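Results of the structural survey
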Amino acid sequence: MSDNHNSAGGVPTTGHVWDDDLADFVNQPPKWWMLGLTASALWVVIYFIMYPAIPLATNGTFFKGIGLPGTGQWTAIKELAEDQKVLDDVRRPFEDKLKTMTPAAILADEELSKYVERSGKVLFSDNCGGCHGQNGVGTEQVGAKFAVREQGLMAPRLNDDDWLYGGKIDDIHATIAGGRQGMMTAHKDTLSAQQIEDVSKYVLAMSEGRGDSEAAGKKVFMESDCTACHGADAKGIQAMGSANLTDRVWRFDGSIEGIKQTITYGVNSGDANARAAIMPNFTAAGKLSDVDMKKLAVYVYKFGGGQKDEAAAPVAAVEAAPAPEAAPAPEAK
Ligand code: HEC
Ligand code: HEC
């Protein structure tokens, strides 16, 4: 211990020497390491003061009396609000444009309709999916686990090209903004059981393309009130939302029993056994903004079943509000 042969460069040992060769030096840790240690200790103190540290009920460590969460005033809520603002700033130009545009104009604008599709998805699952099924598959497809089905409140598929009220963008928008409630009268008092049986068979046969094989039923159909609402061709009248009876798409139960039930008690007819079919009026419900409803119209249209508007010219005109000078220019050349 006293005989310090092994000290390298004059560094003393702790006195522990083994075999005369192996000694325990008392080297200081390197300077960079010591600096780091001091800096991190200092950082703990600064951090402790600046940020909410010990999670007390009133959140500030030193400042709980005045409710400050640290001198930096940082809170997770504030950070969220700031992030939200960044997002809002990105969205605002789009949202502002949407306010003045018609649904058709939005649909015609590729960038906007892409933007709308994304927020439409969220709006749809929050407001519509419960009845129409996520992605518009319709309640009847989802099965009996839906309470709406038990009430007979089955919402139609929206992702096909079969429309009760029309599949043009403006039709869809009108449905959402104004609601729909198709009405078919009950026939239990106006038709005999036999007539209902016959006409039901005729309807089923029509959907299978062999309507003429049911002459008795056809007679009932033509002579009672059916044609007034479904049309003489039984293809439905969009203004009434009366279903097309010649296709295989069933709004309600398409079995012979199901068809009899619909004809006997009607739809929204006030009869206790009537089928219920109420598409809520979202303007009256006040849950969705005008822009939301436009977004939803575009979103639903883009399920793929949307129908083109042959009179598409006015669409372009509306969309190109600032561009009337731009449009004639190429012609002038
Ligand atoms: C309470 C259930 C319910 C909710 C919620 C609901 N719908 Fe409907 N929707 C219906 C029913 C029922 C019909 C059919 C109405 C009828 O048969 O007269 C319908 C019809 C429609 C139609 C017309 C379909 C056609 O074939 O013409 C569209 C479009 C539509 N809904 C879109 C929406 C959108 C978008 C939302 C969300 C904003 C929504 N619905 C929310 C029940 C609902
Ligand atoms: C007052 C108008 C009106 C009259 C009259 C009427 N219907 Fe309807 N019918 C409707 C409407 C509207 C619907 C669609 C209801 C809905 O989807 O909201 C419908 C639906 C149906 C359906 C269900 C179709 C499906 O896809 O599930 C059948 C079947 C039907 N009607 C047959 C008849 C027959 C047969 C007659 C004559 C005995 C008749 N209807 C008379 C308005 C009428």
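Per chain, residues are indexed from 1 in the order of the written sequence. Chain letters and ligand numbers both follow the written order, the letters beginning at A and the numbers at 1. Residue-level local features of this predicted model are given only where pLDDT is at least 70; pairs of side-chain atoms are given and counted only at 80 or more, and the full residue set underlies all totals for whole chains, interfaces and linings. For the side-chain quantities, the full set of heavy atoms in the structure was used; hydrogens and water were omitted.

A closer look at the site of ligand 2
Around ligand 2 lies a shell of 29 residues, among which Met 184, Cys 226, Cys 229, His 230 and Arg 251 are the nearest. Pairs of N or O atoms are called polar contacts if they sit within 3.5 Å, as long as, within protein, a hydrogen donor faces a hydrogen acceptor (for residues adjacent in sequence, only side-chain-to-side-chain pairs). Here an oxygen atom of ligand 2 sits 2.6 Å away from a polar atom, N or O, in the main chain of Arg 251. In the environment of ligand 2, an oxygen atom lies 2.8 Å from a nitrogen or oxygen atom belonging to the backbone of Phe 252. Only α9 (193–207), α11 (226–230) and α12 (256–265) provide two or more residues apiece to the shell around ligand 2. In the shell around ligand 2, the residues fall into 19 nonpolar, 8 polar and 2 charged. Nearness here has a simple test: a residue counts as near a molecule or strand if at least one of its heavy atoms is within 4 Å of that partner. Secondary structure is summarised from DSSP: a helix means a run of H or I of at least four residues, a strand means a run of E of at least two, and numbering begins at the N terminus for each. For this classification, Asp, Glu, Lys and Arg are treated as charged, while Ala, Val, Leu, Ile, Met, Phe, Trp, Tyr, Cys and Pro are nonpolar and the rest, including Gly, are polar.

Structural notes on the coordination of the iron atom of ligand 2
Within the protein, the iron atom of ligand 2 binds to Met 184 (SD) and His 230 (NE2); these donor distances fall in the range 2.0 to 2.1 Å. Coordination geometry of the iron atom of ligand 2: the 6 donor atoms subtend angles of 86 to 179° at the metal centre, consistent with an arrangement described as octahedral. Note that Met 184 is positioned in the loop between α8 (169–178) and α9 and His 230 in helix α11, a separation of 46 residues in sequence. Burial here depends on accessible area, computed with a 1.4 Å probe over protein chains only, as a share of the maximum for the residue type. Under 20% is buried, over 50% is exposed, and the range in between is partly exposed. Given the relative accessible area of 10%, His 230 is considered buried. Here the term donor refers to an N, O or S atom within 2.8 Å of the metal (or 3.2 Å for Na, K and Ca), and because water is left out of the atoms, sites may appear incomplete. Every geometry call rests on angle ranges, with four donors termed tetrahedral when all angles are between 85 and 135 degrees, four termed square planar and six termed octahedral when opposite donors are over 155 degrees apart and all others are between 65 and 115, and everything else termed irregular.

Some remarks on the coordination of the iron atom of ligand 1
Surrounding the iron atom of ligand 1 are the protein donor atoms His 132 (NE2) and Met 279 (SD), which sit 2.0 Å from the metal. Geometry at the iron atom of ligand 1 is octahedral, judged from its 6 donor atoms and the angles of 89 to 179° they form at the metal. Residue His 132 is located in helix α5 (residues 129–132), and its partner Met 279 is located in the loop between α12 and α13 (282–285); the two are separated by 147 residues in the primary sequence. Given the relative accessible area of 9%, His 132 is considered buried.

Quick look at the confidence of the model for the chain
Looking at the chain as a whole, the pLDDT averages 81, with 79% of positions reaching at least 70. On a scale of 0 to 100, pLDDT captures the predictor's confidence in every residue. For this analysis, residues touch if any pair of their heavy atoms sits within 4.5 Å. Scored below 50 in pLDDT, residues 1–6 makes 8 contacts in the model with residues more than four places away or belonging to other chains. Predicted confidence for residues 141–152 stays below pLDDT 50, and this span has 17 contacts to residues more than four positions away or in other chains.

Looking at the packing of helix α2 (residues 76–100) against helix α4 (residues 110–127)
Each pair of packed helices can be described by the angle between their axes along with the distance between the axes. Every axis in this analysis is a line fitted to C-alpha atoms, fitted for helices over the stretch in contact. Angles between the N-to-C directions lie between 0 and 180 degrees. Where α2 contacts α4, the axes come no closer than 11 Å and their chain directions differ by 105°. If you check the angle between α2 and α4, you find them roughly perpendicular. Contact with α2, carried on its side by Arg 91, Phe 94, Glu 95, Lys 97 and Leu 98, involves Glu 111, Leu 112, Tyr 115 and Val 116 of α4 and no other residues of that element. Tallied by class, residues from the contact of α2 with α4 come to 5 nonpolar, no polar and 4 charged. An angle counts as roughly parallel when it lies under 35 degrees, as roughly antiparallel when it exceeds 145, as roughly perpendicular when it falls between 65 and 115, and as oblique in every other case.

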